[in-house]
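For reference, the chains in residue letters:
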Amino acid sequence: MPLPQRIIVTRFSAMGDVAMVASVLKEFCVQYPAVEIIMVSRPFFAPFFEGLKNIRFHAIEPKTVHKGFWGLVKLKRELAQYKVDAVVDLHFNLRSRVLDLLFSISGITVKQLDKGRQEKKALTRKDNKIKVPLKLTVERYADVFRDLGFNFTLSNKLAPNLQDVPKVAFSMFGNLDRKKIGIAPFAQHGYKIFPQVKMEQVIDYLTHNGYDVLLFGGGNQEFQVAQNWTERFPNTYNTIGKFSLTDELAIISNLNLMISMDSSGLHMASLMGVRCLSLWGATHPYAGFTGYGQLPADCIQVEHHNRPSSVYGNKPCDCDGVEAINLITPEMVIEKI
């Protein structure tokens, strides 16, 4: 069987997962430059795939145009124009599986992601955990292409993707003598967030010892926290809500280092080829969500028999009366930096 030459790839959310898909497709495009990819995701994530010549981005609008079953029928009709040979489902949720079915009915080959749910349940259950490293999520993504016959190998190494600093961010890079450290201190779930008081100690140390700190990620509430930090600590800059995703990625590409929770900041740093120190509490690198190309030694964590309590950080993780993320100290982070 000849290899497919035009493939639809679906991954609708979340931000970190889509960034990981982009890292995988970046390597795929190098190894298979003749294969055209139609990437289907939310429009906000389009910048992750900019600059990849054989990727065409097609937006899904799940809350409006493509809502519900008939919305997915409409999406399938839109995608039919590309006359693809195969569909690679890297999401494997209800929405993507309905779309898979519609393409299968049309005679198109469909391959789906194996999320490894049983292994992850064994890793995160309260009792009798099977605490072993699971397959990396990026390798699970690559496996779906391998199922189509591609001899696809991931290097799992950072590839610097330095871009020009956007003009609107020049003020953040005015002092070339100070190294630039990005901090993405927030996450969707609170059990993954390093306590605010402890993060303040890290920022205080950095900004008084030769570093500029750039704060990333979050909504209105997080913006206020970050804004407060810029007022309290010198050489601290708040990027939240001030830049497009394209500009934000360009800024990240110019950092000397990123510090992130187990969240999208980690995977955006990987996409731009920037080393990242990641903090892990209720979750664990063993679940496979370490940043693409990042070093295992750069995962900051304190081992405890109750960790991890969940894959996504949406459940508390009691470590002898202390929440798991709180086992990490500011001194551990500063020493690693």
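Keep in mind it's a predicted model, so treat the numbers as computed, not measured. (Residues numbered from 1 in each chain as written. Predicted model: local features only at pLDDT ≥ 70, side-chain atom pairs only at ≥ 80, totals over all residues. Heavy atoms only, no water.)

Participant: Would you take a moment to explain the environment of I8 for this structure?
Facilitator: Tracing the sequence through the fold places I8 in strand β1 (residues 6–10). Classification of I8 by relative accessible area gives buried; the value is 0%. Taking the C-alpha atoms as reference, I8 lies 8.3 Å from D85; in sequence the two are 77 residues apart. Discounting chain neighbours no more than four positions away, the residues touching I8 are I38, V40, L79, V84, A86, V87, V88 and F103. (Helix = DSSP H or I, 4+ residues; strand = E, 2+ residues; numbered from the N terminus. Buried < 20%, exposed > 50% of the residue type's maximum accessible area, 1.4 Å probe, protein only. Contact = heavy atoms within 4.5 Å.)

Participant: Would you explain the side chain of R140 in this entry?
Facilitator: With respect to the helices and strands, R140 occurs in helix α5 (residues 137–147). Judged by relative accessible area, R140 falls into the buried class, the value being 7%. Within the structure, the side chain of R140 is placed 3.1 Å from the backbone oxygen of D114, a separation counted as a polar contact. Those residues in contact with R140, other than ones at most four positions away along the chain, are L113, D114, K115, G116, E119, K120, L134 and K135. (Polar contact = N/O pair within 3.5 Å; in protein donor to acceptor, adjacent residues only side chain to side chain.)

Participant: Sorry, what's going on with the sheet that holds strand β10 (residues 276–279) here?
Facilitator: What holds strands together in a sheet is hydrogen bonding between their backbones, with the strands either parallel or antiparallel. Pairing within the open sheet is parallel, and its six strands lie in the order β8-β7-β6-β9-β10-β11. Looking at strand neighbours, the two that pair on one side only are β8 (236–238) and β11 (299–300), the edges of this open sheet. Against the sheet, helix α7 (residues 220–232) makes contact with β7 (211–215) and β8, and its axis sits at roughly 155° relative to β8, the strand it touches most. (Pairing = 2+ DSSP bridges. Axes fitted to C-alpha atoms, helices over the stretch in contact; angles between N-to-C directions.)

Participant: When you look at α7 in this model, what are you seeing that I'm missing?
Facilitator: In an α-helix there are 3.6 residues to a turn, and that puts residues three or four apart on one side. Its 13 residues place the ends of α7 19 Å apart at the C-alpha level, agreeing with the 18 Å of an ideal helix rising 1.5 Å per residue. Every buried residue of α7 is listed here: V225, A226, W229 and T230. Seen along its axis, α7 keeps its buried residues to an arc of 140°; they face one direction. Exposed side of α7, more than 90 degrees from the buried face: N220, Q221, Q224 and E231 are the residues found there. Looking at the buried residues of α7, the elements they touch are α6 (196–207), β7 and β8. (Expected span 1.5 Å × (residues − 1). Arc of directions from axis to C-beta.)

Participant: I keep staring at the pairing of strand β2 (residues 36–41) and nothing clicks. Help me out?
Facilitator: Both faces of the sheet carry side chains from a regular strand, because those side chains alternate between them. Counting buried residues along β2, six of its six residues qualify, which places the element largely inside the surrounding structure. Of the two faces of β2, the one lined by E36, I38 and V40 and the one lined by I37, M39 and S41 are each fully buried. Relative to β2, β1 is paired through five bridges, and the arrangement is parallel. Paired with V9 across the two strands is M39, which belongs to β2. For the crossover that starts at β1, traverses helix α1 (residues 15–31) and ends in the parallel β2, the hand is right-handed. As defined by bridge partners, β2 adjoins strand β3 (residues 55–59) across five bridges and the pair is classed as parallel. Within the sheet, the bridge partner assigned to V40 lies in β3 and is H58. (Right-handed = clockwise from strand over helix to strand, strands pointing away.)

Participant: Could you clarify how one ought to interpret the sheet that holds β1 in this entry?
Facilitator: Read from one edge of the open sheet, five strands run β3-β2-β1-β4-β5, paired in parallel fashion. Edge positions in the open sheet fall to β3 and β5 (109–112), since each of these has one partner strand only. Adjacent strand axes in the sheet meet at a mean angle of 20°, parallel and antiparallel pairs treated alike.

Participant: Can you walk me through the pairing of β10 in this structure?
Facilitator: Burial along β10 is two-sided: C276 and S278 and L277 and L279, pointing in opposite directions, are all buried. Across four bridges, strand β9 (residues 257–261) lies against β10 in parallel orientation. Following the sheet pairing, S260 is matched in β10 by S278. Following the backbone out of β9, through helix α9 (residues 264–271) and into the adjacent parallel β10, one traces a crossover that is right-handed. As paired strands, β10 and β11 are joined by two bridges and run parallel to one another. Directly across from S278, in β11, lies its bridge partner C299.

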